[in-house]
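Per-entry structural report
Here is how the chains run, residue by residue.
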Amino acid sequence: MYYHPIQDDNPDTLQSAMAVDTAPGTVVMLMRLATAIKKRSTEELMGIKLRQLMLLSYLRYGAPALQQQLCEALWLDANNCVLLLNELEDMGYVERRRDPADRRRHVVDLTDEGRIALDRAERAQESIGDELFAALSEEERATLRSLLSRALDPAHA
């Protein structure tokens, strides 16, 4: 919401006008936070790209996963998902194979090398989180994680 400044030289009026909440909305703040994370999450620091981290992280808890599941869970179109999986497969971090129950589908699994790369990247992400959330206590960080988890849970969408 945008408020026009009041054309009044009275300091009391000006002070109350300044007290109006002009802070950015939650979505804007989340976008700013995401941008800060993305800028700091360099491939040099993490050893892998941020999008690769996201896919490997999903596989850590959901492997093996159907390729289509990955696309949907990570909000990737099928072409981008295939390109990302090709990169990770070439690096030796994931393995794709045909689903024995339905040969038209691919099953994706995390390799041991992928787990090692993921561990390194997650440690780097923790250092970024420590930097960005330095003003928050451990309890506040836990609350933030919990709230974000609930917001991202497809069951609540």
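Described in the following lines is the structure provided in the data block. (Residues numbered from 1 in each chain as written. Predicted model: local features only at pLDDT ≥ 70, side-chain atom pairs only at ≥ 80, totals over all residues. Heavy atoms only, no water.)

1. Looking at the environment of R51
Residue placement: R51 occurs in helix α4 (residues 50–62). A residue is classified by how much of its surface remains accessible, and R51, at 40% relative accessible area, is partly exposed. Between the alpha carbons of R51 and L74 there is a distance of 9.1 Å; along the sequence they are 23 residues apart. Setting aside residues up to four positions removed in sequence, R51 forms contacts with L84 and E87. (Helix = DSSP H or I, 4+ residues; strand = E, 2+ residues; numbered from the N terminus. Buried < 20%, exposed > 50% of the residue type's maximum accessible area, 1.4 Å probe, protein only. Contact = heavy atoms within 4.5 Å.)

2. Some remarks on the layout of surface pockets
Put simply, the largest pocket is a space of about 2000 Å³. What lines the largest pocket is a set of 34 residues, among which I37, M54, Q125, L148 and L152 lie closest to the centre. Breaking the lining of the largest pocket down by element, the ones donating at least two residues are α2 (26–40), α4, α5 (67–73), α7 (112–132) and α8 (138–152). Among the elements that make up the lining of the largest pocket, the one with the highest residue count is α8 (8 residues). For the lining of the largest pocket, the class distribution of residues is 20 nonpolar, 4 polar and 10 charged. Of the volumes computed, that of the second largest pocket is approximately 220 Å³. In terms of lining, the second largest pocket is formed by T26, M29, L30, R32, L33, L144, L147, L148 and A151. Residue contributions to the lining of the second largest pocket peak at 5 residues, all from α2. (1 Å grid on protein atoms, 1.4 Å probe; cavity = no way out; pocket = protein on both sides within 12 Å on 5 of 7 lines; lining within 4 Å. Points joined across faces, edges and corners; volume = space filled by probe spheres on them. Nonpolar A, V, L, I, M, F, W, Y, C, P; charged D, E, K, R; others polar.)

3. Here we look at the nonpolar core
Counting residues in each nonpolar core, the largest one holds 22 residues, and the members touching the most others are L55, L56, L59, L70 and V94. Setting aside its immediate chain neighbours within four residues, L56 contacts I48, L88, Y93, V94, L110, G114 and L118. (Core = buried A, V, L, I, M, F, W, Y, C linked by side-chain atoms within 4.5 Å.)

4. Overview of the packing of α4 against helix α6 (residues 78–90)
Two numbers describe how α4 lies on α6: the axes approach to 11 Å, and their chain directions differ by 85 degrees. Regarding the angle of α4 to α6, the classification is roughly perpendicular. Contacts between α4 and α6 involve R51, Q52, L55 and L56 from the first element and L84, L85, E87 and L88 from the second. Residue composition of the contact of α4 with α6, grouped by class: 5 nonpolar, 1 polar and 2 charged. (Axes fitted to C-alpha atoms, helices over the stretch in contact; angles between N-to-C directions. Parallel < 35°, antiparallel > 145°, perpendicular 65-115°, else oblique.)

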